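Close look at the chain arrangement
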Amino acid sequence: MAAWRAVAARDNADWCDLVGRAHGLAGARDADAWSVPRRSPQWYPDAVTLRPGVDAARLLARIDAGPGASVKDSFADLDLAPHGFRVLFAAEWIHRPPAVPLGAPLVVPPGTGPTALAPVTSARGLADWSAAHGSEVLRRPALLADPRVTILARHAADGAVTAGVVLTDGGPAVGVSNVFAADGDLARVWRGVVAACPDRPLVGYESGGGLPPAEEAGFRRIGPLRVWLRPDHDRDPDPATG
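Each value, and the rule that gives it
Residues numbered from 1 in each chain as written. Predicted model: local features only at pLDDT ≥ 70, side-chain atom pairs only at ≥ 80, totals over all residues. Heavy atoms only, no water. Helix = DSSP H or I, 4+ residues; strand = E, 2+ residues; numbered from the N terminus. Core = buried A, V, L, I, M, F, W, Y, C linked by side-chain atoms within 4.5 Å. Buried < 20%, exposed > 50% of the residue type's maximum accessible area, 1.4 Å probe, protein only. Contact = heavy atoms within 4.5 Å. Polar contact = N/O pair within 3.5 Å; in protein donor to acceptor, adjacent residues only side chain to side chain. Pairing = 2+ DSSP bridges. Axes fitted to C-alpha atoms, helices over the stretch in contact; angles between N-to-C directions. Expected span 1.5 Å × (residues − 1). Phe/Tyr/Trp six-rings, centres within 6.5 Å; stacked < 30°, edge-to-face > 60°.

What follows is about unusual backbone geometry. With phi around 75°, tryptophan 43 is a residue other than glycine that occupies positive phi space. Assignment of secondary structure puts tryptophan 43 in the loop between strand 2 (33–35) and strand 3 (47–49). Despite not being glycine, alanine 76 shows a phi value in the positive range, around 50°. If you trace the backbone, alanine 76 turns up in the loop between strand 4 (70–73) and strand 5 (86–96).

The structure is reproduced here in C-alpha cells:
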C-alpha cells in the first residue's frame, strides 16, 4: 500500500502540473515535491509533496507562501502551523487494483449501459461539462487535446451533463479526480470509472462523504493526506477538485 500511496501522490502532482501548464504556469519537480513559483489556478495546490519527511521551510521557499497559498501534504506529516497555515481538510488516498497485470493502455469504451461515461471530445462538450462541474478551471483546450487526459461525462436524455470525472494516464496507474454528480449519485460515477478502466490500477483521493461511494466500487484507503492553507478569505481551495 505504501508504494501505491507514492504512485497516487505522483499522479496527483502530474495532474496539478497539467492544469497549471494549461493556465500558462510551469511547475518544477524534484524528489521532495512538485511546486509552482506563483499562485496556482483556483482550487489547486501550490505544492504537492512526493515523499515523507520533506523540510517545511525549504518547501515553502519554493512557492509564493503568502495568503491564499496551499500545500498538499501527501503523507500527512508536515507541520505548517508555525508558518501561518491551517489544515483546510484531511482526506484518504485510494487505490483499486487491476483485473489483469499492468501495461494495458487506457481505452474508454463507447458510452453504453446504466453507468456509462462518455468521453468529452469537443469545446462545446467541455463547456457543458465545466458548467455542470461548477468551475471554469478545466475549460482549457490544452487539457482536452492532451493524450494523457480523458474527461468523461454522463448525459441525460436531453443531452445535459449530469455527472463527470477526469482520468489521467501518465504512469503505472490511472488517476481519478474531479468526480461529481448533479443528482448526488456518486456511486454510479465510480462504477462508471471502473467500467471504463477495468484492466488498469486506479488511484485518487477522497474525503468525507466521497469515500463510501468509491469504496463501494472496490477502492481501498491506502493512507492519509492533508491540504494546508494560509488563510485568504478571497480564495479557499475546494477539497473536491485538484
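Next up on the list: the nonpolar core. Most often, soluble globular proteins have nonpolar side chains that are buried together. Ranked by size, the top nonpolar core spans 25 residues in total, and within it Trp15, Tyr44, Trp129, Leu138, Ile151 and Val166 carry the most contacts. Looking at this core, the elements that each hand over two or more residues are helix 1 (2–22), helix 3 (123–133), strand 7 (149–155) and strand 8 (161–169). For this core, the element with the most residues is helix 1, which contributes six residues. Setting aside chain neighbours within four positions, we find leucine 138 in contact with Trp15, Val19, Tyr44, Leu126, Trp129, Ser130, Leu143, Val166 and Asn178. Counting 21 residues, the second-largest nonpolar core is a separate cluster that includes Leu167, Val174, Val194 and Leu202.

Residue placement: serine 135 occurs in the loop between helix 3 and helix 4 (141–145). Taking the relative accessible area as the measure of exposure, serine 135 reaches 8% and is therefore buried. A distance of 3.1 Å separates the side chain of serine 135 from the backbone nitrogen of valine 137, its partner in a polar contact. Residues in contact with serine 135, not counting those within four places in the same chain, are Trp43 and Ser130.

Moving on: the environment of leucine 18. In this fold, leucine 18 is placed in helix 1. Classification of leucine 18 by relative accessible area gives buried; the value is 11%. The spatial distance from the C-alpha of leucine 18 to the C-alpha of alanine 142 is 8.8 Å, given a sequence separation of 124 residues. If near-sequence neighbours (up to four positions away) are discounted, leucine 18 is found in contact with Leu143, Asp146, Arg148 and Val149.

The next point concerns the pairing of strand 7. A large share of strand 7 lies buried, amounting to six of its seven residues. Note that strand 6 (residues 118–119) and strand 7 share two bridges and pair antiparallel. Along strand 7, the bridge assignment pairs alanine 118 with alanine 153. Alignment of strand 7 against strand 8, held across seven bridges, turns out to be antiparallel. Opposite isoleucine 151, over in strand 8, you have valine 166 as the bridge partner.

Moving on: the pairing of strand 11 (residues 220–229). As paired elements, strand 4 and strand 11 share four bridges and run antiparallel to each other. Following the sheet pairing, lysine 72 is matched in strand 11 by valine 227. Here nine bridges tie strand 5 to strand 11, and the two strands are oriented antiparallel to one another. Within strand 11, the position partnered with tryptophan 93 by the bridge is glycine 223.

Looking now at the sheet that holds strand 2. Strands belonging to one sheet form pairs held by backbone hydrogen bonds; the direction of such a pair is parallel or antiparallel. If you trace the eleven strands from one edge of the open sheet to the other, you get 1-2-3-4-11-5-10-9-8-7-6, paired in mixed fashion. In the strand order of this sheet, the two ends are held by strand 1 (28–29) and strand 6, each with one partner. Contacts from helix 3 reach strand 7, strand 8 and strand 9 (174–181) within the one sheet, and its direction differs from that of strand 8 by about 105°. Against the sheet, helix 5 (residues 186–196) touches strand 5, strand 7, strand 8, strand 9 and strand 10 (202–206), its axis set at about 150° to strand 9.

Below, the discussion takes up helix 1. With 21 residues, helix 1 should reach 30 Å at 1.5 Å per residue; the first-to-last C-alpha distance of 31 Å fits that figure. By the criterion of burial, helix 1 is predominantly enclosed, with 16 of the 21 residues buried.

The tally for this structure, following the rule as stated, stands at five aromatic pairs. Between tryptophan 15 and tyrosine 44, the ring centres sit 6.4 Å apart and the planes meet at 70°, which makes this aromatic pair edge-to-face. Taken together, the residues tryptophan 15 in helix 1 and tyrosine 44 in the loop between strand 2 and strand 3 connect sequence positions 29 residues apart. Here tryptophan 15 falls in the buried class, since its relative accessible area comes to 2%. A ring pair is formed by tryptophan 93 and tyrosine 205, whose centres lie 5.6 Å apart and whose planes are at 80°; its orientation type is edge-to-face. Of this pair, tryptophan 93 sits in strand 5 while tyrosine 205 sits in strand 10, and the two are 112 residues apart along the sequence. Like tryptophan 93, the residue tyrosine 205 is buried in the burial classification. In textbook terms, an aromatic cluster arises when at least three aromatic residues are bridged by ring pairs, as seen for Phe89, Trp93 and Tyr205.

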